[in-house]
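# Inside the fold
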Amino acid sequence: MKNNILKSIAVTSIHLIFLANPSVGSSTYTPCPNSCSGNGKCTTWGVCECFTGFSFDAAPDCSLRNCPLGPAWSDSATADDVAHNFAECSNRGKCDRNTGQCSCDAMFEGSACERLACPNDCSGRGRCLSAKALARMEDPGVLRKASGGCTSTEVCSDAGCTSRNYGACSEVNVYETPWEADQFFGCLCDAGYAGYDCSVRTCVRGDDPLSTSQVNDVQLLECQADFGTFTLSFKRESTAPISVDASVSDVTDAINALSSLEGQQPKVAVSWTGGVSTVCIASGNNIQVTFLQDFGDLPLLIPDGTNLGQTSGVDPPLLTAQKVVTGDKESDICSSHGTCDEDKGICQCLDDWMTSDGYGNAGTRGDCGHRSTGTTSTCPGEPACLGHGTCLGPPTYRCDCESGRSGPDCSLIDCPTGKSWFSFPTAANAAHSDGECSDMGICNRNTGQCECASGFEGAACQYLTCQQDCLGNGECQSMATLAGSNEVNGVPTPYTYGSDPNNSLTWDSDQVFGCFCSDNFEGYNCNLKSCPKGDDPNTQHQDNEIHQLSCTDSNDAGSFELSFRGQSVSVTATNTAADLETALNGLSVIEEVSISYNDPSIYVGAPSLDPDALQICRASEGLIDIEFKSPTGNVPQMDISNLVGIDGALTIITTRDGTKEYITCSGRGICDHTSGLCKCFPGFASSDGQGNLGSRRDCGARNPYAYGT
């Protein structure tokens with residue numbers, strides 16, 4: 001990009017500008033600026049080597065501090081599907097360089113702004129957990145019911161079951177390798193609460209009494225032991241230790257005491273046969289547990305028989321669990337005969353419906369499963385299903401609501417869904433299945449619109465957006481788009497991020513957004529004005545980079561394009577070095593190049609020149625040298641493309657690598673990012689890019705007028 005060159009300013013004026021501009025540090029000359037502020041050591045050519053915690057890039061005199069690094073919430077990919085590299089303040093906070101501390105954007109916290117804070121501190125009704133920790137809190141009973149139960153196959157570590165591992169039945173899907181596993185925090189709500197911030201009250205679920213020929217969930221335990229105790233867990237809540245000689249009523253009481261079970265007492269029925277009086281016997285006892293108040297296909301009871309034993313030594317002590325009957329009753333909010341008041345957590349029942357016992361009779365469950373008067377002969381709503389669904393008729397008279405509608409009478413409007421920001425994994429290191437409002441907003445069921453958490457946008461709250469829309473100094477882009485906008489040494493180097501929808505590690509490609517700054521702006525939210533860059537005038541024995549263009553063309557009819565950092569110029573065979581120099585210096589990515597003929601005898605006005613001597617392309621090969629004066633440093637090699645009619649060889653090579661610096665304020669001043677101007681150290685002033693006084697305002701020249709010299 002071009003610097004703002006003020007060519008109309010006289011050299012003496014430049015001196016006055018920079019002497020009048022307050023310099024950084026002491027006015028006493030030292031080999032290194034400000035003696036490296038005591039925060040670094042002075043090395044060759046008067047360059048500071050800053051101690052850990054201090055930033056040369058921000059202040060070449062080591063007067064300013066670095067801030068902590070964390071995995072970037074958003075950045076440009078450095079390879080296909082490789083992103084979220086370490087960045088200062090994780091690209092979600094401003095660095096206070098006086099203190100070295102990050103000032104995090106709203107919602108973000110941690111020394112490096114590396115954590116997304118739990119919304120509203122979970123309203124005091126839940127636990128704030130990382131995505132990794134949430135995975136460990138998943139109910140193993142959900143996974144075990146789908147895999148055949150917790151049998152000897154899982155528990156026994158060897159063929160004879162001499163060693164047993166009950167922990168195998170409690171294993172859940174881990175979430176450790178995705179980039180946000182330790183960064184994204186969310187709420188695991190207490191029982192009775194829901195929502196991204198646990199602000200929503202939940203209502204009781206129950207069976208629809210009008211549906212018939214359905215069964216309760218039944219699970220079978222087998223206890224083979226004659227001494228010790230065991231426990232059973234349901235939805236991660238464990239019973240008190242149960243003795244091997246416990247009776248039916250003892251086991252029933254122990255399970256009924258679990259708060260993770262819903263409904264009124266009794267919540268389960270326990271039975272076994274064979275005239276056995278104790279829950280466990282040496283040869284094994286089968287115990288049947290029927291769930292009476294939790295309906296549908298339930299999670300498995302997770303057994304732990306670690307403390308069981310056998311005195312006989314013939315059969316190993318063993319406790320197992322498996323499904324024998326899968327419950328198929330409904331487990332509907334308010335038993336499908338009412339709607340939930342999410343402010344109070346109370347079912348608002350339809351006319352003639354009230355709380356039940358779970359079986360259609362009056363009870364205290366708090367659902368809407370009991371019809372208090374009359375019989376049901378129509379679907380709810382006037383007209384039926386409020387015109388937003390189809391009445392299924394007898395015996396249930398349920399509404400089959402149209403897409404986007406729900407509730408017993410189709411009165412509720414569903415909200416859009418999106419990839420969940422915070423949810424249990426669906427497999428190891430894979431999460432983010434669809435959720436309403438992407439689990440980062442509250443659904444307004446009167447309007448069907450999501451009320452998103454702060455910082456999240458989109459119809460389904462599916463976007464983590466840029467702060468203040470990049471302040472108007474850049475474009476807010478998705479991670480996928482940022483990857484395509486990537487540059488390496490100024491050369492457009494597009495990568496892909498999230499192109500494979502089955503790659504669970506790049507789930508955020510279209511959800512997380514970051515800023516791509518316009519020219520002359522930088523920072524994670526484009527809040528900083530860039531200062532000129534240049535060569536350090538103190539470092540010696542360094543070179544400008546030179547590219548050599550060779551072109552052979554016999555008929556002067558050819559053309560091609562010459563590109564540098566994504567911009568190009570059109571070149572014809574008859575163009576001269578002066579023509580090409582003018583064209584290249586017109587590119588915004590080049591400030592100044594100098595082009596000369598490789599043969600020193602060729603120059604404008606030289607005697608006895610061939611007719612095509614000044615052309616870039618000659619019948620006998622034309623050679624020109626392109627010297628980069630700004631930008632300096634090791635610049636990318638130019639590219640040739642779109643050849644038309646060149647009948648000979650056309651090449652470009654680097655004959656001399658650039659070894660000069662190209663650093664902010666030439667390493668001899670500090671950038672004022674508010675104005676985009678360099679504040680030069682004493683003894684340095686604006687240069688021409690080559691160490692002489694000039695108008696670049698880059699601190700790249702020694703000031704002969706400093707200290708009275």
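In short, a report on the structure. Only a predicted model underlies this, so the values are computations on that prediction, with no experimental measurement involved.

Rules and cut-offs
- Residues numbered from 1 in each chain as written.
- Predicted model: local features only at pLDDT ≥ 70, side-chain atom pairs only at ≥ 80, totals over all residues.
- Heavy atoms only, no water.
- Pairing = 2+ DSSP bridges.
- Helix = DSSP H or I, 4+ residues; strand = E, 2+ residues; numbered from the N terminus.
- Axes fitted to C-alpha atoms, helices over the stretch in contact; angles between N-to-C directions.
- Salt bridge = Lys/Arg side-chain N within 4 Å of Asp/Glu carboxyl O.
- Buried < 20%, exposed > 50% of the residue type's maximum accessible area, 1.4 Å probe, protein only.
- Arc of directions from axis to C-beta.
- Contact = heavy atoms within 4.5 Å.
- Phe/Tyr/Trp six-rings, centres within 6.5 Å; stacked < 30°, edge-to-face > 60°.
- Disulfide = S-S within 2.5 Å.
- Lys, Arg positive; Asp, Glu negative; His and termini not counted.
- Polar contact = N/O pair within 3.5 Å; in protein donor to acceptor, adjacent residues only side chain to side chain.
- 1 Å grid on protein atoms, 1.4 Å probe; cavity = no way out; pocket = protein on both sides within 12 Å on 5 of 7 lines; lining within 4 Å.
- Points joined across faces, edges and corners; volume = space filled by probe spheres on them.
- Nonpolar A, V, L, I, M, F, W, Y, C, P; charged D, E, K, R; others polar.

### Remarks on the sheet that holds strand β47 (residues 567-572)
Across the sheet, which stays open at both edges, the three strands sit in the order β47-β46-β50 with antiparallel pairing between neighbours. Edge positions in the sheet fall to β47 and β50 (639-644), since each has one partner strand and no second. Taking the axes of each pair of neighbouring strands and ignoring which way they run, one obtains an average angle of 20 degrees across the sheet. Both strand β46 (residues 559-564) and β50 contribute to a ladder of four bridges, which runs antiparallel. Across the sheet, the residue bridging to S559 is V644, located in β50.

### A closer look at the pattern of salt bridges
One pass over the structure, following the stated rule, counts 24 salt bridges. With a closest N to O distance of 3.2 Å, D332 and R398 form a salt bridge. Highlighted residues: D332 in strand β23 (residues 332-333) and R398 in the loop between β28 (389-391) and β29 (399-401), separated in sequence by 66 residues. Judged by its relative accessible area of 19%, D332 falls in the buried class.

### Describing helix α7 (residues 577-585)
Buried within α7 we find A577, L580 and L584. Within α7, the buried residues cover an arc of 65 degrees as seen down the axis, which keeps them to one side. Packed against the buried residues of α7 are β45 (546-551), β46, β47, β48 (592-597) and β49 (622-630).

### Concerning the pairing of strand β19 (residues 285-291)
On a regular strand, each side chain points to the face opposite its neighbour's, so the side chains alternate between the two faces of the sheet. Most of β19 sits out of view: five of its seven residues are buried. Inspection of the sheet shows strand β14 (residues 218-224) paired to β19 by six bridges, in the antiparallel sense. Looking at the pairing, C223 lines up with N285 of β19. Where strand β18 (residues 268-271) meets β19, four bridges bridge the pair, whose relative direction is antiparallel. The residue bridging V268 from the neighbouring strand is F291, located in β19.

### Some words on the packing of aromatic side chains
Scanning the entire structure with this criterion turns up eleven aromatic pairs. Arranged with centres 5.8 Å apart and planes meeting at 15 degrees, the rings of F184 and W421 form a pair that is stacked. Of the two residues, F184 is situated in the loop between α4 (152-155) and β10 (185-189) and W421 in the loop between β32 (417-419) and β33 (434-436); the sequence distance between them amounts to 237 residues. Summarising the burial analysis for this pair, F184 and W421 share the class buried. Pairing W421 with W507 gives two aromatic rings, centres 5.6 Å apart and planes at 80 degrees, and the pair type is edge-to-face.

### Thoughts on unusual backbone geometry
Most peptide bonds adopt trans geometry, and most residues besides glycine take a negative phi value. Across the junction of P394 and P395, the peptide omega takes the value 5 degrees, indicating a cis bond. Along the chain, P395 turns up in the loop between β28 and β29. At N642, a residue that is not glycine, the phi angle is positive and equals roughly 55 degrees. Tracing the backbone through its elements, the reader meets N642 in strand β50. For N642, a relative accessible area of 51% puts it in the exposed group. Of note, the phi angle at C699 is positive, near 65 degrees, even though the residue is not glycine.

### With respect to the state of the cysteines
One pass over the full model with this rule turns up 28 disulfides. Between C334 and C347 runs a disulfide, and the two sulfur atoms are separated by 2.1 Å. Disulfide C334 to C347: torsion about the S-S bond roughly -95 degrees, handedness left-handed. Here C334, found in the loop between β23 and β24 (338-341), pairs with C347, found in strand β25 (residues 346-349); they are 13 residues apart in sequence, far enough to count as distant. What makes C334 buried here is its relative accessible area of 0%. Judged by its relative accessible area of 12%, C347 falls in the buried class. The disulfide that involves C531 links it to C671, with 2.1 Å between the sulfurs. Across the S-S bond linking C531 and C671, the dihedral sits near 85 degrees, which makes this disulfide right-handed. With C531 in the loop between β43 (528-529) and β44 (533-534) and C671 in strand β53 (residues 669-672), the pair connects residues that are 140 residues apart, well separated along the chain.

### Considering the side chain of E545
Within the secondary structure layout, E545 lies in the loop between β44 and β45. In this structure, E545 is buried with no salt-bridge partner, the nearest side chain bearing the opposite charge being R565 at 8.4 Å. There is a polar contact of 3.2 Å between the side chain of E545 and the backbone nitrogen of V635. Apart from the residues lying within four places of it in its own chain, the contact partners of E545 are I626, E627, F628, G633, N634, V635, T654, R656, D657 and G658.

### Observations concerning empty space enclosed by the protein
Following the criterion strictly, the structure yields four cavities of 30 Å³ or more and no others. In this structure, the second largest cavity occupies an estimated 50 Å³ of space. A per-class count over the lining of the second largest cavity returns six nonpolar, two polar and one charged.

### Remarks on helix α5 (residues 248-256)
Those residues of α5 that fall on the buried side of the exposure criterion are V251, T252, A254, I255 and N256. Buried residues along α5 sit in contact with β15 (227-234), β17 (242-243), β18 and β19.

### Looking at the side chain of S630
Here S630 shows up in strand β49. Judged by relative accessible area, S630 falls into the buried class, the value being 4%. Polar contacts involving the side chain of S630 include one to the side chain of R696, which spans 3.4 Å. Setting aside residues no more than four positions away along its own chain, S630 makes contact with I590, E591, E592, Y662 and R696.

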